[in-house]
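Examining the three-dimensional arrangement
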Amino acid sequence: MALLEVQQLKKYYATQKAVDDISFSIDAGQIFGLLGPNGAGKTTLLRMITGIFYPDEGQIIFEGKPFEPEKDILRIGYMPEERGLYKKMKIGDQAIYLAQLKGMSRADALEKVKYWFEKFGMQSWWSKKVEDLSKGMQQKLQFVTTVLHEPSLIILDEPFSGLDPVNANLIKEEIYSLAQKGCTIIFSTHRMEQVEEICDKIVLVNKGKKILDGDVAGVKEKFKEHKYSLLSDGLGVLPASAAYTVLHTDGPASTIQLNGDHSTNAVLGELIARGVTIKGFSEILPSLNEIFIRLVHDQQSTTRSFQNIQA
């Protein structure tokens, strides 16, 4: 069942279409990637989902009912890209205070804060002020304050910003763990490689419009170009063939692209018949970054063509 549905959302600023007719749905327990370059409309979209902004048009369905910000915000944890912490406040007191704002009693908040501080090795930070913490330490604290009230929807906007590899991996493992416990997670970033690694499903946005959505494996499969990595025992160029084109050769390693409707079995059979000993053969799927660049380029080309027609 979908935990969150976004239906034809629109948000305009003067003449700028920050979000222009975007729709998607996210199932419970799913890690969902919201992708796009800076200025694509991601933050505006998240602020509508969290009730900070109201959409000009469209509807948000949360847990099967129309979104009611005053009530439903207690079931959401939002970690914005910009730091949302009080710089002069001691972090232990601050974490408890923020948990109480989400409806927890002080006793329950204290218990949960102690649990997360111990889990993240933050016990010695209790009396420190936010302004005394490094950027990475602030990011860990902000993550804790986002999840400690056990929301059903967790929104993480650039959660790995400022984190070293060790702490980035710590946060990543917690994202997996929370999803396994049934939390739904929206992970917003312009770092395609991070989403490719951890997300189940994605939506790509650019200039306020949705340009692609689907599960990660399905998206990559859709945009594959029939390229393969081939490892042989030879050091020369593979024999020429109408079945494939050799794109690159480096010693025994080659990259080939199948031509027309030739199958992999037919190509491998031909190579073996021509005396090539094959030690490795695997498909090369495009990265999400490559797919996104291609789609954005196509979108820009379409826009220019339309403008030329109007002119």
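As shown above, the structure is provided for reference.
What comes next is a walk through the structure. Please read all numbers here as calculations on a predicted model, not as lab measurements.

1. Some remarks on the layout of surface pockets
Of the volumes computed, that of the largest pocket is approximately 460 Å³. Among the elements of the structure, β6 (76-79), α3 (91-101) and α5 (135-147) are those that each provide at least two residues to the lining of the largest pocket. A per-element tally of the lining of the largest pocket places α5 first, with three residues. Of the residues that constitute the lining of the largest pocket, the class distribution is seven nonpolar, seven polar and three charged.

2. A short note on unusual backbone geometry
Of note in this structure, Q8 is not a glycine but carries a positive phi near 50 degrees. Considering the arrangement of structural elements, one finds Q8 in strand β1 (residues 2-13). Phi at D21 is positive, roughly 65 degrees, even though this residue is not glycine. Looking at the element boundaries, D21 is found in strand β2 (residues 16-27). Judged by relative accessible area, D21 falls into the partly exposed class, the value being 37%.

3. Some thoughts on the state of the cysteines
A disulfide bridge is the covalent bond that connects two cysteines by way of their sulfur atoms. Applying the stated criterion to the full structure yields zero disulfides. Between C183, a cysteine without a disulfide, and C199, which holds the nearest cysteine sulfur, the sulfur-to-sulfur distance is 15 Å. On the basis of relative accessible area, C183 is assigned to the buried category, the value being 11%. Under the relative-accessibility criterion, C199 is labelled buried at 8%.

4. Here's the deal with the pairing of strand β10 (residues 209-215)
Sheet topology note: the strand β9 (residues 201-206)/β10 ladder contains six bridges and is antiparallel. Pairing of V203 across the sheet is with D213, part of β10. What sits between the antiparallel neighbours β9 and β10 is a turn of two residues, in which K207 has the positive phi angle 55 degrees.

Criteria and thresholds
Residues numbered from 1 in each chain as written. Predicted model: local features only at pLDDT ≥ 70, side-chain atom pairs only at ≥ 80, totals over all residues. Heavy atoms only, no water. 1 Å grid on protein atoms, 1.4 Å probe; cavity = no way out; pocket = protein on both sides within 12 Å on 5 of 7 lines; lining within 4 Å. Points joined across faces, edges and corners; volume = space filled by probe spheres on them. Helix = DSSP H or I, 4+ residues; strand = E, 2+ residues; numbered from the N terminus. Nonpolar A, V, L, I, M, F, W, Y, C, P; charged D, E, K, R; others polar. Buried < 20%, exposed > 50% of the residue type's maximum accessible area, 1.4 Å probe, protein only. Disulfide = S-S within 2.5 Å. Pairing = 2+ DSSP bridges.

Limitation: the analysis is restricted to geometry and does not speak to function.
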